[in-house]
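The chain contents come next:
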Amino acid sequence: MNINLSSKIAVVALFAVTSLSTVQNSVKELNKITSKNLESILNNNKHWADSGAVATYIPELAKVNPNKIAFSVVKPNGDVVNVGNIDQKFTMQSISKIVALFIAVKQYGENDFFKRLGYYGTDKPFNHFANLDNGGKPLNPMMNAGAILTTAMISNEGEDGYLRIRDMVRYITKNNSIDYNHAVYQSERETGHRNRGMFHILKNSELITGEENKLDNYFKQCSIEVTAEDLAKIGYFFANDCVRFDGDATYKNADLAQLVESQMLIAGMYDASGVYARNVGLPSKSGVGGGIAVAVPNKMGIGVYSAPLDAAGNSVAGYHMILELVKQYDLSIF
Ligand SMILES: NC(=O)CC[C@H](N)C(=O)O
């Protein structure tokens with residue numbers, strides 16, 4: 001071997017070893033996160049809740065306590081660290097859409113699923129009709145239109161589509177008490193005229209067939225109650241090739257995890273997704289209940305809760321807690 005080539009190989013090998021050990025170091029660092037670390041981040045950022053407003057367009061959501069706040073991580077080794085109002089339950093809302101997407105793509109395959117909707121990012125709010133008029137496909141499965149279609153695609157009779165989503169959330173969180181909040185569901189069902197409008201436009205363009213029980217499944221999935229810890233476990237699942245926090249690999253699927261993470265990155269925070277990707281740089285999904293689930297690829301999951309929202313419908317204090325953790329541990333994927 002000539003000297004030039006062997007020195008090139010040495011440089012490449014050194015680079016590979018260095019980047020591997022950087023990853024191992026950061027995993028070691030993350031495994032050392034304690035409740036003290038999270039508590040100081042929570043205390044530094046809880047005041048941000050004052051600058052947001054709880055969602056009121058679903059009347060039942062207007063009743064939640066704006067001062068409850070929780071912060072949870074599932075570390076690379078699967079251990080959970082929780083601080084704040086860790087027992088506080090809230091509704092998943094749009095965070096349920098990533099679980100529905102996972103189920104639908106498993107059922108249809110990616111190509112067939114995306115024949116009916118797009119991979120697009122958005123400059124539009126979550127409940128925008130976008131290009132639905134004139135028979136256009138929903139922009140992506142993260143905004144309401146695409147999510148309503150996704151759930152309709154995995155629904156047949158009665159509440160079967162909702163039950164599939166609930167059971168998957170139960171599996172990922174290993175929490176069999178997970179159920180939906182009936183009062184929030186009724187409230188969404190009674191006031192969800194925009195969502196009902198989207199459902200019927202999608203029927204008109206023959207992207208959806210069947211009855212309104214399929215839309216009810218969407219309202220039910222949005223009303224599933226979780227804690228910040230449950231969200232951290234969902235983040236962990238998609239961050240780690242769909243392997244559960246306790247190592248159970250029943251659903252292991254790196255490709256599907258990548259697909260879900262890519263949708264979270266480009267549309268999970270709606271029209272704020274671009275600026276969020278710039279600042280946080282992690283696949284994340286918010287819900288108007290005040291939760292955000294974050295996947296730190298190949299590492300860990302983060303779950304936050306604080307009900308007051310910014311203009312895009314994302315938890316304000318939740319965002320700031322995530323941002324401080326990301327900066328402290330250099331977690332952005334970029
Ligand atoms: N962004 C959200 O969390 C929206 C979900 C809510 N259930 C709706 O359909 O309007």
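Residues numbered from 1 in each chain as written. Predicted model: local features only at pLDDT ≥ 70, side-chain atom pairs only at ≥ 80, totals over all residues. Heavy atoms only, no water.

Time to look at the packing of aromatic side chains. Across all of its chains, the model carries 15 aromatic pairs by this definition. Summarising the aromatic geometry, the rings of Phe 102 and Phe 238 are spaced 6.0 Å apart at their centres and angled 70° between planes, so their arrangement reads as edge-to-face. Taken as a pair, Phe 102 in helix 3 (residues 96-108) and Phe 238 in helix 10 (residues 228-239) lie far apart in primary sequence, 136 residues in all. Classification of Phe 238 as buried rests on a relative accessible area of 1%. Judged by centre distance (3.9 Å) and plane angle (10°), the rings of Phe 114 and Tyr 119 are stacked. A relative accessible area of 42% means that Tyr 119 is categorised as partly exposed. In this structure, Lys 220 is placed above the aromatic ring of Tyr 185, and the distance from its NZ or CZ to the ring centre is 5.3 Å. Above the ring of Phe 245, the side-chain terminus of Lys 233 is found at 4.3 Å from the ring centroid. (Phe/Tyr/Trp six-rings, centres within 6.5 Å; stacked < 30°, edge-to-face > 60°. Helix = DSSP H or I, 4+ residues; strand = E, 2+ residues; numbered from the N terminus. Buried < 20%, exposed > 50% of the residue type's maximum accessible area, 1.4 Å probe, protein only. Lys NZ or Arg CZ within 6 Å of the ring centre and 35° of its normal.)

Residues in close proximity to the ligand include Tyr 57, Gln 93, Ser 94, Phe 126, Asn 144, Glu 188, Asn 195, Tyr 218, Cys 222, Tyr 270, Gly 287 and Val 288, which together make up its full environment. Within the side chain of Asn 195, one N or O atom sits 2.8 Å away from an oxygen atom of the ligand. At 2.7 Å, a side-chain N or O of Tyr 218 approaches an oxygen atom of the ligand. Within the complex, 99% of the 300 Å² of free accessible area of the ligand lies under protein. (Near = heavy atom within 4 Å. Polar contact = N/O pair within 3.5 Å; in protein donor to acceptor, adjacent residues only side chain to side chain. Areas by Shrake-Rupley, 256 points an atom, 1.4 Å probe, with all protein chains shown as cover.)

On to the sheet that holds strand 7 (residues 300-306), then. Pairing between the strands of a sheet is mediated by backbone hydrogen bonds and can be parallel or antiparallel. Spatially, 2-1-7-6-5 is the arrangement adopted by the 5 strands of the open sheet, whose pairing is antiparallel. Two strands lie at the open edges of the sheet, namely strand 2 (80-84) and strand 5 (284-286), each paired on one side alone. Averaged over neighbouring strand pairs, the angle between their axes works out to 10° when direction is ignored. Pairing of strand 5 with strand 6 (residues 291-296) involves 3 bridges; the strand directions are antiparallel. (Pairing = 2+ DSSP bridges. Axes fitted to C-alpha atoms, helices over the stretch in contact; angles between N-to-C directions.)

Non-glycine residue Ala 130 carries a positive phi angle of around 45°. Looking at the secondary structure, you find Ala 130 in the loop between helix 4 (110-113) and helix 5 (144-153). On the accessibility criterion, Ala 130 (29% relative accessible area) is partly exposed. Here the phi dihedral of Tyr 270 falls at roughly 55°; this positive angle occurs in a residue that is not glycine. Among the secondary structure elements, Tyr 270 is positioned in the loop between helix 11 (254-267) and helix 12 (273-279).

Moving on to the UniProt feature "binding site: substrate" (unreviewed entry) in the chain. When the UniProt feature table is mapped onto this chain, "binding site: substrate" (unreviewed entry) is found at Ser 94, Asn 144, Glu 188, Asn 195, Tyr 218, Tyr 270 and Val 288. When only the residues just named are considered, the largest cavity is lined by Ser 94, Asn 144, Glu 188, Asn 195, Tyr 218 and Val 288. Mapped onto the secondary structure, Asn 195 falls in helix 8 (residues 193-204). The contacts of Asn 195, once residues within four sequence positions are left out, are Asn 144, Ile 148, Leu 215, Tyr 218 and Phe 219. Within the secondary structure layout, Tyr 218 lies in helix 9 (residues 213-222). Assessed through its relative accessible area of 3%, Tyr 218 is described here as buried. Residue contacts for Tyr 218: discarding those within four places in its chain leaves Lys 97, Asn 144, Ala 147, Ile 148, Thr 151 and Asn 195. (UniProt positions renumbered as here; feature names shortened; annotations may be inferred. 1 Å grid on protein atoms, 1.4 Å probe; cavity = no way out; pocket = protein on both sides within 12 Å on 5 of 7 lines; lining within 4 Å. Contact = heavy atoms within 4.5 Å.)

Within the largest apolar cluster, 60 residues are counted, with the highest numbers of intra-cluster contacts made by Ile 98 and Phe 102. Breaking this core down by element, the ones donating at least two residues are helix 3, helix 5, helix 6 (160-173), helix 8, helix 9, helix 10 and helix 11. If you tally residues by element for this core, the top one is helix 3, at 8 residues. Grouped together as the second largest cluster of nonpolar side chains are 30 residues, Ala 49, Val 81, Met 269 and Tyr 329 included. (Core = buried A, V, L, I, M, F, W, Y, C linked by side-chain atoms within 4.5 Å.)

Turning to the layout of surface pockets, a few remarks are in order. Roughly 240 Å³ of volume is contained in the largest pocket. Lining the largest pocket are 19 residues; nearest its centre among them are Glu 60, Leu 61, Val 64, Lys 89 and Phe 90. Those elements that provide at least two residues to the lining of the largest pocket are strand 3 (90-91) and helix 7 (182-191). Its residues placed into classes, the lining of the largest pocket shows 10 nonpolar, 5 polar and 4 charged. (Points joined across faces, edges and corners; volume = space filled by probe spheres on them. Nonpolar A, V, L, I, M, F, W, Y, C, P; charged D, E, K, R; others polar.)

A word on empty space enclosed by the protein. Taken as a whole and judged by the stated rule, the model has 2 cavities of 30 Å³ or more. The volume enclosed by the largest cavity comes to roughly 70 Å³. Looking at the largest cavity, the residues that line it are Tyr 57, Ile 58, Gln 93, Ser 94, Phe 126, Asn 144, Glu 188, Asn 195, Tyr 218, Cys 222 and Val 288. Every residue lining the second largest cavity is listed: His 128, Phe 129, Ala 130, Leu 132, Pro 138, Leu 139, Asn 140, Met 143, Ala 145 and Gly 146. Partitioning the lining of the second largest cavity into residue classes produces 7 nonpolar, 3 polar and no charged.

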